[in-house]
Amino acid sequence: MSLAQGRTHLATPGPSIIPDKVLEAMHRAAPNIYEGEIIEITESVLKDLTSFAKTSGDAILYVANGHGAWEAAVANLFDPGDTVLVMATGQFGLGWADLCKKMNLNVILVDFGFEKSVDHEKLTTTLKNDPYYKIKGIFTVQTDTASSVLNNIKSIAHTIDTCNHPALFLVDSIACFGCDRFEMDEWGVDIMVTACQKGLMTPPGISYCFVGNKAKKLSKLKINVPPYWDWKPRMNPKIFYERFFGTAPTHHIFGQRAALDMMISEGRENIFRRHKVLAGAVWAALEKWGEENTIKPNIKKQMQRSTAVTTVRADGYDLTPLRQWLELNTGLVLGIGLGFSGSKYLDGKSVFRIAHMGHLNPVMLLGALTSIEAGFLACKIPYGKGGAGASAQFIARNAY
Ligand SMILES: *Cc1c(COP(=O)(O)O)cnc(C)c1O
């Protein structure tokens, strides 16, 4: 038997926990897709998303997961043989680079490993070594979900600007859009891609490309774009169907609308603040747990940590039994270690990830953290006592 009756708690960094309001909005008969409310709802979703991303550019919706939005961005802007720079800080940066290679781009991969953010000096030297501007695009990930690093997109954009380099700046904000702050136009981001199943709290299935004005102009000159990915007709549809190049993902749109309604009612700044406080509660627990020199956050510097997800390590320990114990006995589902290789990380088994993105409040998070502490004890993993208490204190100090 198991104690884990009641609701399970999904703490994987995507898909995230889906609010009942989103599920309820999706539980309805299919609408007419040729006229009526689905058209207005779609337009309102795209409008609210661009305003959350703080851009005057366009949001393009694809019936695809995040990988689809990656491919769409590349297909609309680059040709085989074009040179691009990918700055990777975890598995997802490496994944985007790999996709570019498969699309026959010439990829300069700068790999910063899994434990730190993009290094500006390295970026500067790479751009200075490109006097003829062969590099057409600079790619990075805001929060790499594998390492849980947070890259400072504003300052990366500033560095690119300082180098006077004309390349487009493309950012994957799939993990943390709706959690970590993102200000597309002011920061100087040309393309941002995201998906609906993380901070946007909707079941996996749709993803978005946000296209700024510079990227929009360049993409207009590109002719041989595969028809499904081509965002030009999607940007200015003459008929509604062109928004999707096919049937609208009706129920996903209803779900996304409900999620955005919740986000609007909470308020953008409050959302960022809540994620900061919830992440801070996780880090407070980690600090205590680390006192036995086994458990530690993967990203040392707080400034470089995402408020959407935290990657935790116990180097040399196999944490598979911990994850299994938690799932069986408490109903908590943690994320696995993704992309980590080597004996230090026991090829990913010494790593777990806890998501704190989207639909989450202190009672859910404190339950998860206290359960993890129970798991350490049950699985005989050395940990400093008092972690859950420390996160409770952090919540108390930072509540409204
Ligand atoms: C989840 C995620 C992806 C991939 O999204 P899928 O929907 O699984 O294709 C890409 N990048 C980041 C940063 C992610 O968190």
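Not measured: the values here are computed from a predicted model.

A.B. asks: Explain the packing of helix α2 (residues 37–53) against helix α10 (residues 250–266) to me, using residue names and the numbers behind them.
C.D. replies: Two elements in contact, α2 and α10, have axes separated by 10 Å at closest approach and are oriented at 45°. Taken together, the axis directions place α2 and α10 in an arrangement best described as oblique. Viewed along their axes, α2 and α10 form a crossing whose handedness is left-handed. Residues E37, I38, I41, T42, S44, V45, D48, L49 and F52 of α2 form the contact with α10, whose participating residues are T250, I253, F254, Q256, R257, L260, M263 and I264. For the contact of α2 with α10, the residue count by class is 10 nonpolar, four polar and three charged.

A.B. asks: Before we move on, could you go through the domain arrangement of the protein chain and cite the residues and values that matter?
C.D. replies: By domain assignment, the protein chain separates into domain 1 (9–16 + 268–398) and domain 2 (31–263). Spacing between the C-alpha centres of domain 1 and domain 2 amounts to 28 Å. At the boundary of domain 1 with domain 2, total buried surface from both sides reaches about 2,400 Å², with 55% on carbon and sulfur atoms. When residues of domain 1 are sorted by the area they lose upon contact with domain 2, R268, F272 and Q304 head the list and together hold 25% of the total.

A.B. asks: Tell me about helix α14 (residues 387–398), residues and numbers included.
C.D. replies: Three or four residues apart is the spacing at which side chains of an α-helix point the same way, because the helix has 3.6 residues per turn. In this model α14 runs 17 Å from its N-terminal to its C-terminal C-alpha over 12 residues, within 8% of the 16 Å that 1.5 Å per residue would give. The complete set of buried residues in α14 reads G387, A388, A390, S391 and I395. In a view along the axis of α14, the buried residues occupy a sector of 160°, so they form one face of it. In α14, those exposed residues whose orientation departs by more than 90 degrees from the buried face are A396 and R397. In this fold, the buried residues of α14 make contact with α11 (268–289) and α13 (362–378).

A.B. asks: Describe unusual backbone geometry, with residues and values.
C.D. replies: Leaving glycine aside, a negative phi is the common case for residues, and trans is the common case for peptide bonds. Here the residue pair G14 and P15 is connected by a cis peptide bond, since its omega of -5° sits within 30 degrees of zero. Tracing the backbone shows P15 in the loop between β1 (9–11) and α1 (20–26). One non-glycine residue, S148, lies in positive phi territory at about 65°. Relative to the assigned elements, S148 resides in the loop between β6 (143–144) and β7 (149–150).

A.B. asks: So what's going on with the pairing of strand β2 (residues 58–62)? Residues and values would help.
C.D. replies: With five of its five residues buried, β2 lies for the most part within the structure. What you see with β2 is no split at all: D58, I60 and Y62 on one side and A59 and L61 on the other are buried throughout. Where β2 and strand β10 (residues 207–211) come together, five bridges link them in antiparallel fashion. Counterpart to D58 in the pairing with β10 is V211.

A.B. asks: Which residues make up the side chain of T294, and what are the values?
C.D. replies: For T294, the location among the structural elements is in the loop between α11 and β11 (296–297). Residue class for T294 comes out buried when judged on its relative accessible area of 10%. Contacts of T294, omitting those with residues within four sequence positions, involve R313, A314, D315, Y317, I381 and P382.

A.B. asks: Explain empty space enclosed by the protein to me, and be specific about the residues and the numbers.
C.D. replies: The tally for this structure, following the rule as stated, stands at one cavity of 30 Å³ or more. The volume enclosed by the largest cavity comes to roughly 50 Å³. Every residue lining the largest cavity is listed: L10, A11, T12, S16, I17, A355, H356, M357, H359 and L360. The residue inventory of the lining of the largest cavity, partitioned by class, reads six nonpolar, four polar and no charged.

Here is what the cut-offs are and how they apply
- Residues numbered from 1 in each chain as written.
- Predicted model: local features only at pLDDT ≥ 70, side-chain atom pairs only at ≥ 80, totals over all residues.
- Heavy atoms only, no water.
- Axes fitted to C-alpha atoms, helices over the stretch in contact; angles between N-to-C directions.
- Helix = DSSP H or I, 4+ residues; strand = E, 2+ residues; numbered from the N terminus.
- Parallel < 35°, antiparallel > 145°, perpendicular 65-115°, else oblique.
- Left-handed = near helix turned anticlockwise from the far one by under 90°.
- Contact = heavy atoms within 4.5 Å.
- Nonpolar A, V, L, I, M, F, W, Y, C, P; charged D, E, K, R; others polar.
- Domains from an automatic or database assignment.
- Buried area = accessible area lost by both parts, 1.4 Å probe.
- Expected span 1.5 Å × (residues − 1).
- Buried < 20%, exposed > 50% of the residue type's maximum accessible area, 1.4 Å probe, protein only.
- Arc of directions from axis to C-beta.
- Pairing = 2+ DSSP bridges.
- 1 Å grid on protein atoms, 1.4 Å probe; cavity = no way out; pocket = protein on both sides within 12 Å on 5 of 7 lines; lining within 4 Å.
- Points joined across faces, edges and corners; volume = space filled by probe spheres on them.

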